[in-house]
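Below are the chains, spelled out letter by letter.
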Amino acid sequence: MQVPSETASSITGKLPFWAWFIIGAALGVALRLLFGMLPRDMQGPMSLAFLVGTPLAVGAITIVGTPRQQRTWSYLIFAPWLAMLLMLLGCALAMLEGSICLALMAPLFFACASVGGLIMGAILHFREAGAAHVSAIAALPLLMLLAEMHMPLVDRDMELRRELVVDATPETIWQQIHSARAIQPQELPLSLTHLIGVPKPLEGINVQTEDGEVRFSRWERGVHFRAHVTHSEANRSVSWRYMFDPDSFPTGSMDEHVAIGGRYFDLRDTTFKLTPIGVGQTHLQIVAHYRLSTTINAYAVPVSRVLGNDFLDTILSLYKRRSESMEKTAAIRAGGS
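Right, let's walk through the structure included here. Predicted model only: the values in this text are computed from it and were never measured.

On to the nonpolar core, then. In this structure, M87, F272 and L284 are the most contacted members of the largest nonpolar core, which totals 87 residues. A total of 13 residues in this core trace back to one element, the largest contributor, which is helix α5 (residues 99-126). Every residue in contact with M87, bar those within four places of it in the chain, is listed here: A25, G28, V29, F50, T54, V58 and F109.

Turning to helix α2 (residues 19-36), a few remarks are in order. Its 18 residues place the ends of α2 26 Å apart at the C-alpha level, agreeing with the 26 Å of an ideal helix rising 1.5 Å per residue. All of the buried residues in α2 are A19, W20, F21, G24, A25, L27, G28, V29, L31, R32 and F35.

Following the sequence through the fold, P67 ends up in the loop between α3 (48-63) and α4 (73-93). Its relative accessible area of 28% is what places P67 among the partly exposed residues. In the structure, P67 is positioned 124 residues away from S191 in sequence and 43 Å away in space, judged by C-alpha atoms.

Quick look at unusual backbone geometry now. One non-glycine residue, A182, lies in the positive phi region at around 45°. Within the secondary structure, A182 is located in the loop between β2 (179-180) and α8 (192-195). One non-glycine residue, N235, lies in the positive phi region at around 65°. Inspection of the secondary structure puts N235 in the loop between β5 (224-233) and β6 (237-243). For N235, a relative accessible area of 22% puts it in the partly exposed group.

Below, the discussion takes up the packing of aromatic side chains. Under the counting rule described, the total for this entry stands at 14 aromatic pairs. Arranged with centres 5.6 Å apart and planes meeting at 55°, the rings of W240 and F272 form a pair that is tilted. Linking W240 in strand β6 with F272 in strand β7 (residues 265-278), this pair joins segments that are 32 residues apart in sequence. On the basis of relative accessibility, which here comes to 2%, the residue F272 falls in the buried class. Taken together, the ring pairs in this structure connect W219, F225, Y242, F244, F249 and F311 into an aromatic cluster.

Between two packed helices, what matters for the description is the angle formed by their axes and the separation of those axes. The geometry of α4 relative to α5 is characterised by a closest axis approach of 8 Å and an angle of 140° between their N-to-C directions. On the basis of their axis angle, the class for α4 and α5 is oblique. Of the two possible hands of crossing, α4 and α5 adopt the one that is right-handed. The segment α4 lies against α5, with W73, L76, I77, P80, W81, M84, L85, M87, L88 and A92 engaging L102, A106, F109, F110, A113, S114, G117, L118 and G121. Of the residues contributing to the contact of α4 with α5, the split by class is 16 nonpolar, 3 polar and no charged.

Cut-offs applied
Residues numbered from 1 in each chain as written. Predicted model: local features only at pLDDT ≥ 70, side-chain atom pairs only at ≥ 80, totals over all residues. Heavy atoms only, no water. Core = buried A, V, L, I, M, F, W, Y, C linked by side-chain atoms within 4.5 Å. Buried < 20%, exposed > 50% of the residue type's maximum accessible area, 1.4 Å probe, protein only. Helix = DSSP H or I, 4+ residues; strand = E, 2+ residues; numbered from the N terminus. Contact = heavy atoms within 4.5 Å. Expected span 1.5 Å × (residues − 1). Phe/Tyr/Trp six-rings, centres within 6.5 Å; stacked < 30°, edge-to-face > 60°. Axes fitted to C-alpha atoms, helices over the stretch in contact; angles between N-to-C directions. Parallel < 35°, antiparallel > 145°, perpendicular 65-115°, else oblique. Left-handed = near helix turned anticlockwise from the far one by under 90°. Nonpolar A, V, L, I, M, F, W, Y, C, P; charged D, E, K, R; others polar.

Put into structure tokens, the structure is as follows:
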């Protein structure tokens, strides 16, 4: 049954249009609280219902009270971004999400909010919104959750490859890879991965143990983990497979939803390949394998590739810088003697 226009006006006309930005943002924060309390097997904040349904609802709510003459295409697309920004800020202030999750989800949230704004703009073109419409919009994520409840997570095995040329011998690079101690922040290039809050590496050392060769890694914020070396050919290639303990990522060191070795993301192994290509030059390649398990792999896969390649480039840059510095220092000493 169509809601009379007088009723619709009484619903939206009592509030200035900008108030709906606050209402939309508040709805988003409330939904994040609610989804965070759901049982683990319902995915909660990692569900499609929250990651897509919530920004759709926030974007649509934002447009409800907008005067007809103001509903231009650009307004419908970009106005919901303000409500979404307020929602993300609210989640950050309430410590519902960390910087990593907020940065990773922001592009998806803004895009879905724009879609919600466009849909509501189309609806309002034919009829004004009433209380029933607003309630239906607010309930959209929960309705999506009911449909999604029995959808399994989809595992996706991924591979990344990055490479560069180092002006150093394989022997020098091999030494740096096996004993990367006291890594200083200034040795690492500007990295998107670290800008969004991923801890920086501090140390990576290979040690011979009773169980074979083991790689011990330490990152900022108390992060630590091990890896068993599964293949090693001196000065040519080395591979290791990661192992994460319950205390590898202390509370607060990484956002729960993106912690390595967790339910949604796992780093499996890394391989370094060193190939001499000339006098004092080496082609250095790194290959990494990891798993993604989300309901939004269509979005998570390209995002993980961008961040994964960024992180691997950072590691390669560190070994390049250290190896070339080591060879220059050795050459100066040799010349001085």
